[in-house]
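# Overview (structure and organization)
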Amino acid sequence: MKKFFSKYKIIFETVITIIAFYLLINLSKTNVDNIYYLVFMPIMAFVATVFYFGNKYHNFNKIISYILALLLAGITITSLSFNVYGDSRILSFNWMQTIVILFSFTTFFDKCFQLLIALALKLSAYVGKGKSISWKASFLIIFVLWLVYLIPFLPGNTAGDGNFQLAQFFRHAPMTNHHPFFTTIFEGGIVYIGHSLGSDNLGLFLYVFIQALICCAIYSYSIYKISLLGFSKKVGYWLSIIVGILPYWSFLSETLHKDALFIAFFAWFTTECIVISCDIFNKNRINKKEIAILTIAALLVSLWRNNGFFLVVPSIFLFIFTNKRKNWKPFLISLLTVSFIYIGFTKAILPVIGVQSTEKREAYSLPVQQTARYLRDYPEDVTPNEQKVLKSTFNNYKNLSKLYNPNIADPVKFNMKDNFNTGAYLKAWLSMGLRHPKVYLEAAYAGTYFYYSPWYKGQNFIWCGTMSGYEFPKFLNLHYLTSVKIRDSFRNILTSIMNIPVFNILTNDALCIWFCILMLAYLWKRNGFLFTIPIFPVLINLLVCIASPVNGMVRYSGCALFATYTLIMYFIFILKVKGDKSE
């Protein structure tokens, strides 16, 4: 029997996985009868190919691979359930069906992981062959391609948050640190130059142009520095073209808002982490100039997003322990410098100049969503003391069940009072959760799964290609120089192109998260924990996204994309210089 199964193992695995795909498509309520074989024949061919080649490679630790594969399989079916029904009911429809899907997909994903590692090992053989791309060449490619996006939308675009920051700068709204104060001054200050010269459009154009130059310089610098690890010009050219031509970085970098520069600064910080790691692990040395650049990039990440400080500090801290702690001083100085400037600026300087800090409610997106879902599902199971606490915490807690939207916390969050007893609310929140933990788990999952479930269409920043009507600064005379027809046609063409899977997969940030998880697990097991330092910022940002108020908001998760491209190159480089042995 064992010999028979071994002989026909690939056939058995392929058949049961195809059955799992069929069951999953049925559960999604998708009718494919009119294109039945157009759907299933490619699936059958792909599944058979994965099992045929996947069974030949065993480079990745089997236990770790199966654990990650089971996790991804569970996320796959659970996310489908939440997407279709809004809860986890699919898991209990038919236990045998659920087990078949989980077992089949776990086996299938394990083979996919093994193939990805094998592919990376083969690609590592090409590291060190050929000259790298120059910084100037990468900059020119990206900037020329970005001009194609800018011309139809002159003088530039504005996002809703950018509009509100302009209102704050021009004193049409109270100045707070909800949007980082430094970014508000930077954006408004440049626009003010044009405004003082008599042209608000000129001010917007100046900002957009300067921002595009900074972003272009950072991305091209990052591509150049990573290419120096031994990647050929072709790799640098292709990565430059991707950054230049996809409406992910182009529209993003030509729109007035804080996210464009934050995502660029995050890419810069990740690149410096990679460069320093390669110096330490390959050359057994450090470059103090690179550490200084790392410190500057970390400061900019911290100042451009309120939670940016927490994305950069862990990596700098971990660098202290590299190379047997021989080079701990420069990294400790870097850590203290970033901490002192950031904390001093936000906790000391801003209060002195009268800038309000971020509202307390901003940290409660997940708890308030859980509270609202609880009140929707169990409105009668609330004790008198809990009712009293909820009444003192929310303006109208009885209305939370109606305000509840699984994908966005703002309607519920903005119902919170400005001053509430944090301890009392958290105590009530905990006691309610202990009575009905499933509700809390479902609320958490319902509001976060787009960040880590990689099977949904990747987002992009085409929505940036407009002057947002949200908080539009009517006190400024901002208007496009081109017709609505030209702009709409441009956006429609781009939307159609980005819906094509070949292009869409390049902007799938949830898929990038899984690449990072896979690389982290492999490097940690093979080379040691410290080799994973450059990957940490991306995964910490995932935790930030999970705590954010919106499910699948590309503004929050978008920094993972370019960083993952560079981390894949780092991963391949480490495989080359440190070698690998199959299990």
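Now for a description of the structure that goes with this document.

Thresholds, definitions, all that
- Residues numbered from 1 in each chain as written.
- Predicted model: local features only at pLDDT ≥ 70, side-chain atom pairs only at ≥ 80, totals over all residues.
- Heavy atoms only, no water.
- Core = buried A, V, L, I, M, F, W, Y, C linked by side-chain atoms within 4.5 Å.
- Buried < 20%, exposed > 50% of the residue type's maximum accessible area, 1.4 Å probe, protein only.
- Helix = DSSP H or I, 4+ residues; strand = E, 2+ residues; numbered from the N terminus.
- Contact = heavy atoms within 4.5 Å.
- Phe/Tyr/Trp six-rings, centres within 6.5 Å; stacked < 30°, edge-to-face > 60°.
- Axes fitted to C-alpha atoms, helices over the stretch in contact; angles between N-to-C directions.
- Parallel < 35°, antiparallel > 145°, perpendicular 65-115°, else oblique.
- Salt bridge = Lys/Arg side-chain N within 4 Å of Asp/Glu carboxyl O.
- Disulfide = S-S within 2.5 Å.
- Patch = residues over 30% accessible without salt bridge, like charges linked within 9 Å, V, L, I, M, F, W, Y side chains within 5 Å.
- Areas by Shrake-Rupley, 256 points an atom, 1.4 Å probe, with all protein chains shown as cover.
- Expected span 1.5 Å × (residues − 1).
- Polar contact = N/O pair within 3.5 Å; in protein donor to acceptor, adjacent residues only side chain to side chain.

## Thoughts on the nonpolar core
If you look at the biggest cluster of nonpolar residues, it comprises 183 residues, and the most contacted ones within it are W146, Y219, W249, F251, F269 and F394. For this core, the element with the most residues is helix α12 (residues 259–283), which contributes 16 residues. Residues within four places of W249 in sequence aside, it is in contact with W146, Y219, I242, V243, L561, F562 and Y565.

## With respect to the packing of aromatic side chains
The final tally for this structure, using the stated rule, is 63 aromatic pairs. Ring geometry for F420 against Y425: centres 6.4 Å apart, planes inclined by 85°, an arrangement best described as edge-to-face. Judged by its relative accessible area of 0%, Y425 falls in the buried class. Taken together, the aromatic side chains of W146, Y219, Y248, W249, F461, W463, F562 and Y565 make up a single cluster linked through ring pairs.

## Some points on the packing of helix α4 (residues 62–85) against helix α21 (residues 437–446)
Two elements in contact, α4 and α21, have axes whose closest approach is 11 Å; the angle formed by their N-to-C orientations is 90°. Classified by the angle between their axes, α4 and α21 sit roughly perpendicular to one another. Side by side, α4 and α21 meet where I75, T78, S79 and F82 of the first sit next to E442, Y445 and A446 of the second.

## A look at the pattern of salt bridges
Once their charged atoms are close, side chains differing in charge can pair, the charge on each being opposite to the other. In this structure the tally under the stated criterion is 15 salt bridges. Linking R555 and D259 is a salt bridge whose minimum nitrogen-to-oxygen distance equals 2.7 Å. Linking R555 in helix α26 (residues 554–557) with D259 in helix α12, this pair joins segments that are 296 residues apart in sequence. Comparing R555 with D259 shows no difference in burial state: the two are buried.

## Some words on the side chain of R361
On the secondary structure map, R361 appears in the loop between α15 (328–352) and α16 (365–377). With near-sequence residues (within four places) excluded, R361 lies in contact with K413, F414, M416, K417 and D418.

## Description of the state of the cysteines
Evaluation of the coordinates by the stated rule reveals 0 disulfides. Here C112 is not cross-linked by a disulfide; its sulfur's nearest cysteine counterpart is in C512, at 16 Å. In this structure C516 is a free cysteine whose sulfur lies 6.8 Å from that of C512, the closest cysteine sulfur available.

## What to know about a nonpolar patch on the surface
Taken together, the side chains of Y8, I11, F12, V15 and I19 define a hydrophobic patch exposed on the protein surface, amounting to about 420 Å² of accessible area. Its location among the elements puts F12 in helix α2 (residues 9–27).

## Looking at helix α5 (residues 95–124)
Every α-helix winds through 3.6 residues per turn, so residues three or four apart in the chain are directed the same way. Between the first and last C-alpha of α5 there are 43 Å, a value that for 30 residues agrees with the 44 Å anticipated at 1.5 Å per step. Where α5 begins, one side-chain oxygen reaches toward the backbone nitrogen of M96, 3.0 Å away; that side chain belongs to N94.

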